[in-house]
Amino acid sequence: MKKRCSGILMPVSSLPGGYGIGSMGQAARDFVDFLALAGQSVWQILPVGPTSYGDSPYQSCSAFAGNPYFIDLDLLAADGLLTKKDYAAINWGGDAAHVDYGTLYEKRFAVLRKAYANFLKKRPVPGYETPYPDDWYRFQFLSSDWLPDYCLYMAIKEANGMVDWQQWPRALRVREPEALAEFKAEHAGEIEFWAFLQYEFDRQWRALHAYAKEKGVAIMGDIPIYVAADSAAASAAADQYSADSYSADQYSADSYAASAAQQQPAQDQYTAAQYAAQQEPQATNPYGYTAQMALETTDQELIAKIAQYAPELRPCIARNPSTYPALVDWLAQLNDPAVNAALATRQ
């Protein structure tokens, strides 16, 4: 007969004391202790993969990687990779009861890059061919099926303003060997930075998992139902996924621009004054997204979907005060007069 058990659902992001968001540090261990004392044997969590626009745990850019936001900064400091002054005084958001993802996006990676720089300085023999700890190489070997593609994907995405991979330059989008080799050579440090984050995530996750096991608490995970369209897996093996008209083959950067042009008036007709008069563009997308929805929703995941799948409503998304800062930056890079005029109203 199977033994009955009970537990509590607690997303890692909801743990306290993580400098803007929950993490895998002391607060996680304290929660494990609480579960054990309460006679609970299961800690159920939400997916822990890295998130993208909207920051939903069910919309991840990798089916294998861990969310860098969950890397505990105090543990990095304990390892000599950071000092308290690197992060303790940073304003991680105005409300400790809510996660400010915009602030995290703007500030967290700068701190993690400091940790990576210090990691590089800890090489035992400068210039030696294998200067890293043994577990670094072990992690890379055990993760070789997914880690290189993920790190390359993130480095290319970073170099292209974090836009969807289907809008990358064609040579990178279709993975031309020469283009990829050139990019890897020019961005080796950036690629390794993303590997470092996964290495640290893995170390902290395994330590937390071992601690929970010692306390008799099982961690029950969760995963998204589908691989996200904008993800490392879809980018690296687009031919293995069935996609609609937004696939890499059918929705290239060139056809993307042509599609947008067909769905919007000619750019030379869009002056700031004309846009101001056209408060609600006509919705032509097949997904039911409306101008009012794009202007008023506070749901970050919905905002991201409208921006991606309803080009004609991007001026409305640009005016929406709840639009995610990274998405605002992406909209500005489109160089669309209507969108630019809408962005100007945010000032």
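Use the structure listed above.
Bear in mind the structure is a predicted one, so any value in this text is a computation, not a measurement. (Residues numbered from 1 in each chain as written. Predicted model: local features only at pLDDT ≥ 70, side-chain atom pairs only at ≥ 80, totals over all residues. Heavy atoms only, no water.)

1. Overview of the packing of helix α5 (residues 147-159) against helix α8 (residues 188-214)
- Contact geometry of α5 with α8 gives a least axis separation of 8 Å together with a crossing angle of 125 degrees. One way to sum up the angle between α5 and α8 is to call them oblique. Considering how the two elements wind past one another, α5 and α8 form a crossing that is right-handed. Packed against α5, whose contacting residues are L147, Y150, C151, L152, M154, A155 and E158, the element α8 presents E190, I191, W194, A195 and Q198 at the interface. (Axes fitted to C-alpha atoms, helices over the stretch in contact; angles between N-to-C directions. Helix = DSSP H or I, 4+ residues; strand = E, 2+ residues; numbered from the N terminus. Parallel < 35°, antiparallel > 145°, perpendicular 65-115°, else oblique. Left-handed = near helix turned anticlockwise from the far one by under 90°. Contact = heavy atoms within 4.5 Å.)

2. Quick look at the environment of A318
- One can find A318 in helix α14 (residues 314-319).
- Classification of A318 by relative accessible area gives buried; the value is 0%.
- The spatial distance from the C-alpha of A318 to the C-alpha of V328 is 6.5 Å, given a sequence separation of ten residues.
- Non-local contacts of A318, meaning those with residues more than four positions away in its chain, are made with L331, V339, A342, L343 and R346. (Buried < 20%, exposed > 50% of the residue type's maximum accessible area, 1.4 Å probe, protein only.)

3. Examining the packing of helix α4 (residues 134-142) against α8
- Orientation of α4 relative to α8, taken along the N-to-C sense of each, is 100 degrees, at an axis distance of 10 Å. With respect to each other, α4 and α8 are oriented roughly perpendicular. For the pair α4 and α8, contact is made by D135, W136, F139 and Q140 and by E192, A195, F196, Q198, Y199, D202 and R203, respectively.
- Residue composition of the contact of α4 with α8, grouped by class: five nonpolar, two polar and four charged. (Nonpolar A, V, L, I, M, F, W, Y, C, P; charged D, E, K, R; others polar.)

4. Some thoughts on the side chain of E190
- Mapping E190 onto the fold places it in helix α8.
- Look at E190 and you get buried, because its relative accessible area is 18%.
- A distance of 3.0 Å separates a polar atom in the side chain of E190 from a polar atom in the side chain of W194.
- With near-sequence residues (within four places) excluded, E190 lies in contact with R113, A155 and E158. (Polar contact = N/O pair within 3.5 Å; in protein donor to acceptor, adjacent residues only side chain to side chain.)

5. Brief notes about the packing of aromatic side chains
- For the coordinates displayed, the defined rule picks out 17 aromatic pairs.
- Judged by centre distance (5.8 Å) and plane angle (50 degrees), the ring pair of Y69 and F109 falls under tilted. Of the two residues, Y69 is situated in the loop between β2 (42-44) and α2 (73-78) and F109 in helix α3 (residues 101-121); the sequence distance between them amounts to 40 residues.
- Through pairs of rings, three or more aromatic residues link up here, namely Y69, Y101, F109, Y116, F119, W136, F139, F193, W194, F196 and Y199.
- Directly above the ring of Y211 sits R29, whose terminal nitrogen or CZ lies 5.7 Å from the centroid.
- Its end group placed over the ring of W92, R108 keeps NZ or CZ at 4.9 Å from the ring centre. (Phe/Tyr/Trp six-rings, centres within 6.5 Å; stacked < 30°, edge-to-face > 60°. Lys NZ or Arg CZ within 6 Å of the ring centre and 35° of its normal.)

6. Some points on the pattern of salt bridges
- Here the structure, examined in full by the defined rule, presents eleven salt bridges.
- With a closest N to O distance of 3.8 Å, D33 and K215 form a salt bridge. In this pair, D33 sits in helix α1 (residues 26-37) while K215 sits in the loop between α8 and β3 (218-220), placing the two residues 182 residues apart along the sequence.
- Assessed through its relative accessible area of 40%, K215 is described here as partly exposed.
- With its nearest N and O atoms 3.2 Å apart, the salt bridge here joins D74 to K84. With D74 in helix α2 and K84 in the loop between α2 and α3, this residue pair connects regions lying ten residues apart in the sequence.
- Put simply, D79, D135, E200 and R203 are held in one network by salt bridges that share partners. (Salt bridge = Lys/Arg side-chain N within 4 Å of Asp/Glu carboxyl O.)

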